[in-house]
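# A closer look at the structure
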There are 2 protein chains.
Amino acid sequence: MQDIHSDYLRFTERANAKPITLNANIEMTKKEQIKNASAKLFRKKGFTATSMQDIAEVVGVKAASLYNHIGSKQEILKDLLINIADAFTKGMSDIENSTLNAIEKLEALIDLHVDLTIKYRDSIALITGEWVHLESPELDKYKKQRNEYEEQFLSILTQCKTDGHIHPKTDIDIALYSILSSLHWLYSWHNKNKNVSRIELAKQLKVSLLRGIVV
Amino acid sequence: MQDIHSDYLRFTERANAKPITLNANIEMTKKEQIKNASAKLFRKKGFTATSMQDIAEVVGVKAASLYNHIGSKQEILKDLLINIADAFTKGMSDIENSTLNAIEKLEALIDLHVDLTIKYRDSIALITGEWVHLESPELDKYKKQRNEYEEQFLSILTQCKTDGHIHPKTDIDIALYSILSSLHWLYSWHNKNKNVSRIELAKQLKVSLLRGIVV
DNA sequence: GTATTGCACTAATACTTGTTAGTTTATGTC
DNA sequence: GACATAAACTAACAAGTATTAGTGCAATAC
């Protein structure tokens, strides 16, 4: 379990031009390589347990050389987390401003989580635990953003209830966190056994999380 | 969010007799105090980011003095994790050996998670992330125990399906991890806003996770 | 061809880490 | 009161931490 480390970013060539071309489709600057490697390591060992040497080793460079590309270890974490936090905020905003009805918005949120989980394979893992290692102004910003996201999620859930699409006896708060937990943890199991397609995964989750599995 | 640290184990008296009596009901040996403080800190900052000094400070002692009671930092983590892993294994075994039908077993599992989450407030948080810092023989033992637990959970789910209580189109694996994610993350939100009773919480979860919230 | 830049290197920094050794202090037992 | 024991303390350890400074090389720009 969780012993995933495809090392598509491990190579030894000297970085001459700024963007290295691995093949026609994959271009990565050293900074991107560092962030990628860090995400993978932070996910596997945690932020604190990951040393700059660990990161450097994966990138194929000495630890001190990393500082030619990044400001600090903390900055890497910050960049990674802000990136996905913004992706979620943007996705939520698009859904809110759409013309979908409340239930459709709920389903769109599930799609959003599935898409971002696949897109940000590694760094998305950080939102479940490693964000606590953010330092001051960013930590507060992150927490604020996260709270807003949850409130907007709750608001859509509430709308569903007032529309009569959710059973009146349902505790909306419990439902919210129950759903969010599943969605946050998606990354840890979404390709564990078999490989389900993005579409099928989202479809199944809509059933499990919304319609219920018991007949 | 998650800024929970009621410090009911912070005090300054000298430990004279082995079990310190705080009041009529709460007795704790120094070792238990250390494990309690550690669980709280590991939960808040993570295993690696928590120093022996941090723990010592909460217990009210110098870091070196901790070693009069425990063998190592790693041993603390090991003790905490084995403790809850065993509790889950025991609970699962009781349920499997019961005469309940498959759906009732599923509901009993939800009760189990709710009960253990409340009972082991802090150390239960470790099962979502900090277990990766276990070292060799225990790490393998822990992973094995966890896998077995998930397989048994899956087996009950499968029984529900063959009994015709779960819609045939439902992907059992996705349902399993979706449910397990919610249950594992319970600790992080179960008393976030309002204080719901154990009974009501379990009841609501059974609806959210099994029957579905959307009508 | 010279200047400039990008980037990796070595070496050193100032700390912090978990843990051990050795000593002192206080209590409970006979 | 003497003794054993439990458990605190101080001091020191070896190793590892993120980060900075300074150096050298190789490609690019002019």
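Structure first, text after, so check above.
Within each chain, residue numbers correspond to sequence positions counted from 1 in written order. Ligands are numbered from 1 and chains lettered from A, in the order in which they are written. For a predicted model such as this one, the threshold for reporting local features is a pLDDT of at least 70, and the threshold for listing and counting side-chain atom pairs is 80 or more; totals across whole chains, interfaces and linings nevertheless cover every residue. Note that the side-chain values use all heavy atoms of the structure and ignore hydrogens as well as water.

### Remarks on the overall build of chain A
The helix and strand labels rest on DSSP assignments: H or I over at least four residues marks a helix, E over at least two residues marks a strand, and numbering proceeds from the N terminus. Per the secondary structure count, chain A includes seven helices and two strands. Walking chain A from its N terminus toward its C terminus, one meets helices and strands in the order β-β-α-α-α-α-α-α-α. Out of the 215 residues belonging to chain A, those deemed buried represent 48%. Of the contacts made within chain A by residues no fewer than 6 positions apart, 67% connect residues no fewer than 24 positions apart. Only the protein chains shown count as cover for residues, and the accessible areas themselves come from Shrake-Rupley with a 1.4 Å probe. For chain A, the accessible area works out to roughly 10500 Å², and carbon and sulfur atoms hold 50% of it. The buried label applies to any residue whose accessible area, calculated with a 1.4 Å probe on protein chains only, is under 20% of its type's maximum; exposed applies above 50%, and partly exposed to all values in between. It only takes one pair of heavy atoms within 4.5 Å for two residues to be counted as in contact.

### Digging into the protein's contact with DNA strand D
Taken together, 16 residues lie near DNA strand D, and A:Y67, A:K73, B:K62, B:N68 and B:H69 sit nearest. If even one non-hydrogen atom of a residue comes within 4 Å of a molecule or strand, that residue is called near it. Looking at DNA strand D alone, sugar and phosphate atoms form 71% of those within 4 Å of the protein. We define a polar contact as two N or O atoms separated by no more than 3.5 Å, with the added condition that, inside protein, one atom must be a possible hydrogen donor and the other a possible acceptor, whereas residues neighbouring each other in sequence contribute only through side-chain atom pairs. Between A:M52 and DNA strand D, the recorded distance is 3.0 Å, taken from a backbone N or O atom to a phosphate oxygen. In the model, a phosphate oxygen of DNA strand D is placed 2.9 Å from a nitrogen or oxygen of the B:K30 side chain. Under the convention adopted here, Pro, Cys and the residues Ala, Val, Leu, Ile, Met, Phe, Trp and Tyr are nonpolar, Asp, Glu, Lys and Arg are charged, and Gly plus all remaining residues are polar. Taken together, the residues of the surface near DNA strand D break down into five nonpolar, six polar and five charged.

### Notes on the relation of the copies chain A and chain B
Least-squares superposition aligns the copies on the C-alpha atoms of those residues with pLDDT at or above 70 in both. With an RMSD of 0.0 Å, the fit of chain A onto chain B corresponds to turning through 180 degrees and sliding 0.0 Å along the axis. Seen this way, the second copy is the image of the first under a two-fold rotation axis. Closest approach to the rotation axis within chain A is made by the C-alpha atom of A:G212, at a distance of 1.6 Å.

### Considerations on the nonpolar core
The tendency in soluble globular proteins is for nonpolar side chains to be buried side by side. Counting 126 residues, the largest nonpolar core has A:F153, A:L205, B:F153 and B:L205 as its most contacted members. When sequence neighbours within four positions are dropped, the list of residues in contact with A:L205 reads A:I110, A:V114, A:L183, A:L186, A:W189, A:L210, B:I174 and B:S178. We call a set of buried Ala, Val, Leu, Ile, Met, Phe, Trp, Tyr and Cys residues a nonpolar core when their side-chain atoms join them within 4.5 Å.

### As for the protein's contact with DNA strand C
Contacts to DNA strand C come from 17 residues, most closely from A:K30, A:K62, A:N68, A:H69 and B:Y67. A share of 76% of the atoms of DNA strand C within 4 Å of the protein falls on sugar and phosphate groups. At 2.6 Å, a backbone N or O of A:K62 approaches a phosphate oxygen of DNA strand C. Between DNA strand C and A:N68, the relevant distance is 2.8 Å, taken from a base nitrogen to a side-chain nitrogen or oxygen of the residue. A breakdown of the residues in the surface near DNA strand C according to their chemical character gives five nonpolar, seven polar and five charged.

### Thoughts on the pattern of salt bridges
Note that side chains of opposite charge can pair when their charged atoms are close. Whenever a carboxyl oxygen of Asp or Glu lies within 4 Å of a side-chain nitrogen of Lys or Arg, that contact is scored as a salt bridge. For the coordinates displayed, the defined rule picks out 18 salt bridges over all chains. One salt bridge connects B:D122 with B:K40, and the closest N-O pair in it is separated by 3.1 Å. Of this pair, B:D122 sits in the loop between α4 (102–119) and α5 (136–162) while B:K40 sits in helix α1 (residues 30–45), and the two are 82 residues apart along the sequence. Via salt bridges that share partners, A:K40, A:R43 and A:D122 belong to a single interconnected network.

### With respect to the interface of chain A and chain B
In this assembly, 48 residues from chain A lie in contact with 48 residues from chain B. When chain A packs against chain B, the two sides together hide about 4300 Å² of surface, and 59% of this comes from carbon and sulfur. Here chain A is connected to chain B by zero salt bridges. Here chain A and chain B share 11 residue pairs in polar contact (both at pLDDT 80 or more) between them. Residue assignment for the side of chain A that touches chain B shows that the elements contributing at least two residues are α1 (30–45), α5 (136–162), α6 (172–189) and α7 (198–211) of chain A. It is α6(A) that contributes the most residues to the side of chain A that touches chain B, 10 residues altogether. Accessible area that two parts lose when put together, with a 1.4 Å probe and added across both, is what the buried area reports.

### Let's talk about the packing of helix α3 (residues 73–96) of chain B against α5(B)
Residues and elements named next belong to chain B. Viewed as axis vectors pointing N to C, α3 and α5 meet at an angle of 25 degrees, and their least axial separation amounts to 10 Å. When the axes of α3 and α5 are compared, the pair comes out roughly parallel. Crossing of α3 against α5: the hand is left-handed. Contacts between α3 and α5 involve K78, L81, I82, A85, D86, F88, T89, M92, I95 and E96 on the former and, on the latter, E138, K141, Y142, Q145, Y149, Q152, F153 and I156. Of the residues that constitute the contact of α3 with α5, the class distribution is 10 nonpolar, three polar and five charged. Axis definition: a line fit to C-alpha positions, over the contact stretch in the case of helices; interaxial angles, taken between N-to-C directions, run 0 to 180 degrees. Each angle is binned into one of four classes, with values under 35 degrees roughly parallel, values over 145 roughly antiparallel, values of 65 to 115 roughly perpendicular, and all other values oblique. Helix crossings are classified by the rotation of the near helix relative to the far one: an anticlockwise turn of less than a right angle makes the crossing left-handed, while a clockwise turn makes it right-handed.

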